[in-house]
Amino acid sequence: MLETSQTMPAALTAGPARYSEATKSDDAVISSDFETFLKMLTAQMENQDPLNPIESSDYAVQLATFSGVEQQVRTNDLLDGLGSKLGLMGLSDIAGWVGMEARVAAPVLFDQTPVTLVPDPAPGADETRLVVRNAAGEVVENRIIPTSTDPIEWAGVDASGTPLPRGVYSFELTSSGNGVHLSTDPVQAYGTIVESQNTDGTLWLILDSGHKVQADTVSAIREP
């Protein structure tokens, strides 16, 4: 008598749970060579012990297992194709954002024109300070601003009123309440989008500052 484990590949007898561990070459055989499976099943029937024949229910289980695995392979292929199409559709959608200004919690380029900032004070804050750093991480401004979520225009000048040089700047908001530090959080700012990308299904935006942010982290889009 030929045992099932001797006449069929392990991926066929183990069911869908074990099939996920099979190699890509096994996937190709299972999904395309149903005729081979039938030949193996026929050989099993011809060589079974006549005094101890295999139950017909066992054949049904083997056939159902193979069919289920084959269907799983096809389903996975369809899902992969659908995922790729959805990724392309998403990229097509955000391609129109190029040239627009995105509100992000990331460094942005200051080109001698005011930058719109959107602070978000911590709950309970009664004092908020805006901390501005240049590309080298040096603090170029540290001043108290209104404790509000209203947008403000950062003019890009130092304490003496001298314009800061063109470059990439980042913004933080330090919130305090009753003289106690509550939090230090990045401040969202508007930066210009120069490119959109799809990397392994993740949509990315490239800002004119050179920084790369995920599209789903953008909280607002506006005309420049």
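Remember, it's a predicted structure, so these values are computed and weren't measured experimentally.

Asks: I tried to follow the overall build of the protein chain on my own but got confused; where do I start?
Replies: The secondary structure content of the protein chain amounts to 6 helices and 12 strands. Buried residues in the protein chain amount to 32% of all 224 residues. Look at the contacts in the protein chain between residues 6 or more apart in sequence, and 66% of them connect residues 24 or more apart. Accessible surface, the protein chain: about 13000 Å² in total, of which carbon and sulfur atoms supply 54%.

Asks: How should the nonpolar core be read in this particular structure?
Replies: One broad trend across soluble globular proteins is that nonpolar side chains are buried collectively. With 14 residues, the main nonpolar core has Val115, Leu117, Leu130, Trp154, Tyr169 and Phe171 as its most contacted residues. Those elements that place two or more of their residues in this core are β2 (108-110), β3 (115-118), β4 (127-133) and β7 (167-177). The element best represented in this core is β7, accounting for 3 residues. Non-local contacts of Phe171, meaning those with residues more than four positions away in its chain, are made with Val108, Leu117, Leu130, Val131, Val132, Trp154, Asp185, Pro186, Val187 and Ala189. Among the nonpolar cores identified, the runner-up in size contains 10 residues, and Ala102, Val104, Leu207 and Ala215 belong to it.

Asks: I'm lost on the pattern of salt bridges in this one. Help?
Replies: Close approach of charged atoms allows side chains with opposite charge to pair. Taken as a whole and judged by the stated rule, the model has 3 salt bridges. Across the salt bridge formed by Glu101 and Arg222, the nearest N and O atoms sit 2.7 Å from each other. Of the two residues, Glu101 is situated in strand β1 (residues 101-104) and Arg222 in strand β12 (residues 220-222); the sequence distance between them amounts to 121 residues. Look at Arg222 and you get partly exposed, because its relative accessible area is 30%. Residue Arg143 is joined to Glu141 by a salt bridge in which the shortest nitrogen-to-oxygen separation is 2.3 Å. Taking the relative accessible area as the measure of exposure, Arg143 reaches 33% and is therefore partly exposed. Relative accessible area serves as the criterion here: at 11%, Glu141 is assigned to the buried category.

Asks: How do you make sense of the packing of aromatic side chains when you look at a structure like this?
Replies: Two numbers describe a pair of aromatic rings. These are the distance of the centres and the angle of the planes. Using the criterion set out here, one finds 4 aromatic pairs in the structure. Seen in terms of ring centroids, Trp154 and Tyr169 are 5.4 Å apart; in terms of plane orientation they differ by 55 degrees. Their pairing is tilted. Of this pair, Trp154 sits in strand β6 (residues 152-154) while Tyr169 sits in strand β7; the two residues are 15 residues apart in sequence, bridging distant segments of the chain. The exposure class of Tyr169 is buried, given its relative accessible area of 3%. Over the ring of Trp204 we find Lys212, and its NZ or CZ is 4.9 Å from the ring centre. Over the face of the ring belonging to Tyr190 we find Arg222, whose NZ or CZ atom lies 3.9 Å from the ring centre.

Asks: Help me understand the pairing of β7 in this model?
Replies: For β7, the buried fraction is high: 8 of the 11 residues fall into the buried class. Summarising the sheet, β2 and β7 pair through 3 bridges and their orientation is antiparallel. Across the sheet, residue Phe110 finds its bridge partner in β7, namely Gly167. Across 7 bridges, β4 lies against β7 in antiparallel orientation. Bridged to Glu127 within β7 is Ser176. By the bridge criterion, 6 bridges tie β7 to strand β8 (residues 180-186) in an arrangement that is antiparallel.

Asks: Got a minute to help me understand the side chain of Thr174 in this structure?
Replies: One can find Thr174 in strand β7. Exposure remark for Thr174: the relative accessible area of 17% places this residue in the buried category. Residues contacting Thr174, with those up to four places away along its chain left out, are Glu127, Thr128, Arg129, Val131, His181, Ser183 and Thr184.

Asks: Can you walk me through the environment of Gly90 in this structure?
Replies: Position of Gly90 among the secondary structure elements: in helix α6 (residues 56-94). When the C-alpha positions of Gly90 and Thr202 are compared, they lie 9.3 Å apart, and in sequence the two are 112 residues distant.

Asks: Before we go on, may I ask you to explain the pairing of β4 in this structure?
Replies: Consecutive residues of a regular strand have side chains that alternate between opposite faces of the sheet. Relative to strand β5 (residues 139-145), β4 is paired through 6 bridges, and the arrangement is antiparallel. When the sheet's bridge partners are listed, Arg129 is paired in β5 with Ile144. In this structure, the hairpin formed by β4 and β5 is closed by a connection of 5 residues, where Gly137 is found at a positive phi of approximately 90 degrees.

The rules behind these values
Residues numbered from 1 in each chain as written. Predicted model: local features only at pLDDT ≥ 70, side-chain atom pairs only at ≥ 80, totals over all residues. Heavy atoms only, no water. Helix = DSSP H or I, 4+ residues; strand = E, 2+ residues; numbered from the N terminus. Buried < 20%, exposed > 50% of the residue type's maximum accessible area, 1.4 Å probe, protein only. Contact = heavy atoms within 4.5 Å. Areas by Shrake-Rupley, 256 points an atom, 1.4 Å probe, with all protein chains shown as cover. Core = buried A, V, L, I, M, F, W, Y, C linked by side-chain atoms within 4.5 Å. Salt bridge = Lys/Arg side-chain N within 4 Å of Asp/Glu carboxyl O. Phe/Tyr/Trp six-rings, centres within 6.5 Å; stacked < 30°, edge-to-face > 60°. Lys NZ or Arg CZ within 6 Å of the ring centre and 35° of its normal. Pairing = 2+ DSSP bridges.

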